[in-house]
There are 2 protein chains.
Amino acid sequence: MTDAPGKPRTTIVTLSRSAGVSTSTVSRALKGDPSISPSMRARIAALAAEAGYMPNIMARTLSSGRSGLIGLVLGAASNPFYAMLLEELVRQAAARQQRFMIIHAGAGPIEDSTAEALLHYRVDGCLITSADLSSRAADICARNGVPVVMINRIPRQHASAVSCDNAEGGGTLARFLRAGGHRRAGILHSGAGSSNGIERERGFTEAFTRGAARIVFRFDARSVYEGGYAAGEAIAEMPAGKRPDCLFAVSDIIGMGAMDALRAKGLRVPQDISVVGFDCIPDGARPHYAITTFRQPVAAMVRRGLDLLAARIGEPSLPDEAVLLRGEIVIRASARQAAGDAWDKAAG
Amino acid sequence: MTDAPGKPRTTIVTLSRSAGVSTSTVSRALKGDPSISPSMRARIAALAAEAGYMPNIMARTLSSGRSGLIGLVLGAASNPFYAMLLEELVRQAAARQQRFMIIHAGAGPIEDSTAEALLHYRVDGCLITSADLSSRAADICARNGVPVVMINRIPRQHASAVSCDNAEGGGTLARFLRAGGHRRAGILHSGAGSSNGIERERGFTEAFTRGAARIVFRFDARSVYEGGYAAGEAIAEMPAGKRPDCLFAVSDIIGMGAMDALRAKGLRVPQDISVVGFDCIPDGARPHYAITTFRQPVAAMVRRGLDLLAARIGEPSLPDEAVLLRGEIVIRASARQAAGDAWDKAAG
DNA sequence: ATCGGGAACGCAGACGTTTGCGTGAAATGA
DNA sequence: TCATTTCACGCAAACGTCTGCGTTCCCGAT
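Model, not experiment: these values are computed from the prediction.

## Comments concerning unusual backbone geometry
Residues and elements named next belong to chain A.
For step 1, the next point in the chain: The linkage connecting Val-269 with the following residue, Pro-270, adopts the cis geometry, with an omega of 10 degrees.
For step 2, the next point in the chain: One can find Pro-270 in the loop between α11 (252-264) and β9 (274-276).
For step 3, the next point in the chain: Its identity as a non-glycine residue notwithstanding, Asn-152 has a phi of 70 degrees, on the positive side.
For step 4, the next point in the chain: Summarising the element assignment, Asn-152 is placed in the loop between β4 (148-151) and β5 (160-164).

Now the structure itself:
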């Protein structure tokens, strides 16, 4: 079965024999069952440590139904935001003794056979982080009673979700731009498939369009740098009078593309046109971009997401829940702002 | 145990009963054992499909010792190269009916408890993609007979590896730069901990330093954008006569940082100084950078890596193997080149 | 002296698959 | 026609852990 040479992995049975007790006692002792005497518990713990005992999770899963495995659907890695999210997820999950099984990574659609793997492995729950609205994995989970939590996404039926308050973020950015004297905004969105983008744009538009201020330009940048770049080129082509005086990109990566295109065409950012983004990805902090943006509270989002999932794994009948976390504006050099600190006060 | 309400998951036992045969027959029929008659096989397959049967991998693992899970150690996601790698890995693994369990992601060290999870879950093998030389996970695997394959890394003891021919890549870049008339090179390396960087630098130096050409500058850019930026600033400070006339960054991300810094300080790339990188990450193709680089054959590397691993899972006694794949230079605008197509000929 | 009641463990079945050995029956060869 | 294969399938023992029920022993309270 395993490697022929004589290493009979130490198991609970091995331990029970060398301790002269039953396997059930060993099992219970190892997980701190109060019905085992402290002395016995200590003795078994010592034995286990000495023998280098490693529990066989597969066996545990088979017996108890709990695998400690969480299915993970990851968004397009071309957006550094998901890289951030991934690292934070893995870190926090490990601290909770949970591991991720990757179901999918990338922009493409999820094949059925892939999504079903999630059932084969009896994952305890499933985490979906993808702005993409359609998700086969979520359906399969829902049909089979596997709790689903979405991070960075608006909840769908049969799923809990935690995301940043996208509308509020868009609104904050809009107020900042207005305070900086901008009245003609362009919006670089990411199509109808992205729930985040839709919310951000809604919040922005509502807060921006007061008085004479209006949205004078919209462009579908598809959540990729190239899309933003194309938008920037289009804007640069416009006659100076028609051009927006500021740009709201629903994600930093788009905004960065736009900035590069504008500059390549000879326009100055922020002197000729201001640009703000969303997400606060590390790349946006580089001096070359220094993009003003809205930071999503990634660590907190991950923590709440994992909490939500853990709760539903423990008690599957819990109702779906959507939590919105507040982010914060990060002011950098890519957008002109009002003189003095008027904004600081207004921001409260 | 599972959800109380009446859904008794269809198992092999269920199927065996409704088919009126033994469980062993069902098991064998489902996996195409030739000792089962075609008619029986068809009948059982139909039954399984109809009942929506899903094998319980945990039970299979317990019995057969093979989990179909591969442990994955991922490098720092701040380098987009690993994002590329991840997507390709997940895609190809899924096609082979294999899944990844994430052991670690990011730059930080791997905790022991994390690495041991890999034993708890009885992973069939382990894939390590990280330029970082030290790796706790590899040791643990080696000690427990779990095959290890490293991608994008020089092999260590007890591990197979597949990587791009880094030295050859460095050499190619060096010859390209020489052909472009450069004689004073600066090298932006990533410290002694990166086996890739070391090889790339070695190959570059050997090919570049002929005749009057020499390496006039070295800088540890730690594989991050900021490191490259710092290097660029340092170079811009140098008196014009002392400055290198070209820069070899052992990874694109470093080179991009350097380019931004040089330009911010008023130097022109490539007019004042040429810059070449390594990896061919998508970001480097952006018009703003257009960095000349060396493309690693990622898809092929992943394929060979998975092959290597599969072979060793099947036959653990196979000796370690190191495979080097040839990459190709990608010429863009960040480096001056010789007039005409002299290079094309010389490259062969 | 009897009884009720924890405390501390042991028994044994279950979880769902896999697999080494059978074992009848049909097919083959002489 | 009989011995020998080959075919197709069944038996049952793992795999390692969990857990619902006992069972024993010891104590303090009647």
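Read on, since the account is not over.
## Focus: the sheet that holds strand β9 (residues 274-276) of chain B
The strands making up a sheet associate through backbone hydrogen bonding, with each pair oriented either parallel or antiparallel.
All names here are of chain B.
For step 1, the next point in the chain: Ordered in space as β7-β6-β8-β9, the four strands form an open sheet in which the pairing is parallel. Every other strand in the sheet has two partners, leaving β7 (214-220) and β9 as the edge strands with one partner each. With direction set aside, neighbouring strand axes in the sheet form an average angle of 20 degrees.
For step 2, the next point in the chain: The sheet contacts of helix α10 (residues 225-237) involve β6 (184-189), β7 and β8 (246-249), and relative to β7 the element is tilted by about 135 degrees.

## So, the UniProt feature "domain: HTH lacI-type" (unreviewed entry) in chain A
For step 1, the next point in the chain: Feature annotation in UniProt assigns "domain: HTH lacI-type" (unreviewed entry) to the following positions: residues 10-64 of chain A.
For step 2, the next point in the chain: Helix makes up 69% of residues 10-64 of chain A and strand 0%. Its end C-alpha atoms lie 20 Å apart.

## Examining the packing of α10 of chain B against helix α11 (residues 252-264) of chain B
Residue and element names in this part refer to chain B.
For step 1, the next point in the chain: Following both chains from N to C, one finds α10 and α11 inclined at 40 degrees, their axes separated by 6 Å at the closest point. Of the possible angle classes, the one that applies to α10 and α11 is oblique. For the pair α10 and α11, the crossing hand works out as right-handed. Touching Tyr-225, Gly-228, Tyr-229, Gly-232, Glu-233, Ile-235 and Ala-236 of α10 are Ile-253, Ile-254, Met-256, Gly-257, Ala-258, Asp-260, Ala-261, Leu-262 and Ala-264, all from α11.
For step 2, the next point in the chain: When its residues are assigned to classes, the contact of α10 with α11 shows eleven nonpolar, three polar and two charged.

## Observations regarding the protein's contact with DNA strand D
For step 1, the next point in the chain: Near DNA strand D you find 24 residues, and of these Ile-12, Tyr-53 and Ser-63 of chain A together with Thr-25 and Arg-28 of chain B are the closest.
For step 2, the next point in the chain: A share of 62% of the atoms of DNA strand D within 4 Å of the protein falls on sugar and phosphate groups.
For step 3, the next point in the chain: Backbone polar atom of Asn-56 of chain A to a phosphate oxygen of DNA strand D: 3.1 Å apart, as the coordinates give it.
For step 4, the next point in the chain: In this structure, a sugar or linking oxygen belonging to DNA strand D sits 2.6 Å away from a side-chain N or O atom of Ser-63 of chain A.

What counts and how
- Residues numbered from 1 in each chain as written.
- Chains lettered and ligands numbered in written order.
- Predicted model: local features only at pLDDT ≥ 70, side-chain atom pairs only at ≥ 80, totals over all residues.
- Heavy atoms only, no water.
- Helix = DSSP H or I, 4+ residues; strand = E, 2+ residues; numbered from the N terminus.
- Pairing = 2+ DSSP bridges.
- Axes fitted to C-alpha atoms, helices over the stretch in contact; angles between N-to-C directions.
- Contact = heavy atoms within 4.5 Å.
- UniProt positions renumbered as here; feature names shortened; annotations may be inferred.
- Parallel < 35°, antiparallel > 145°, perpendicular 65-115°, else oblique.
- Left-handed = near helix turned anticlockwise from the far one by under 90°.
- Nonpolar A, V, L, I, M, F, W, Y, C, P; charged D, E, K, R; others polar.
- Near = heavy atom within 4 Å.
- Polar contact = N/O pair within 3.5 Å; in protein donor to acceptor, adjacent residues only side chain to side chain.

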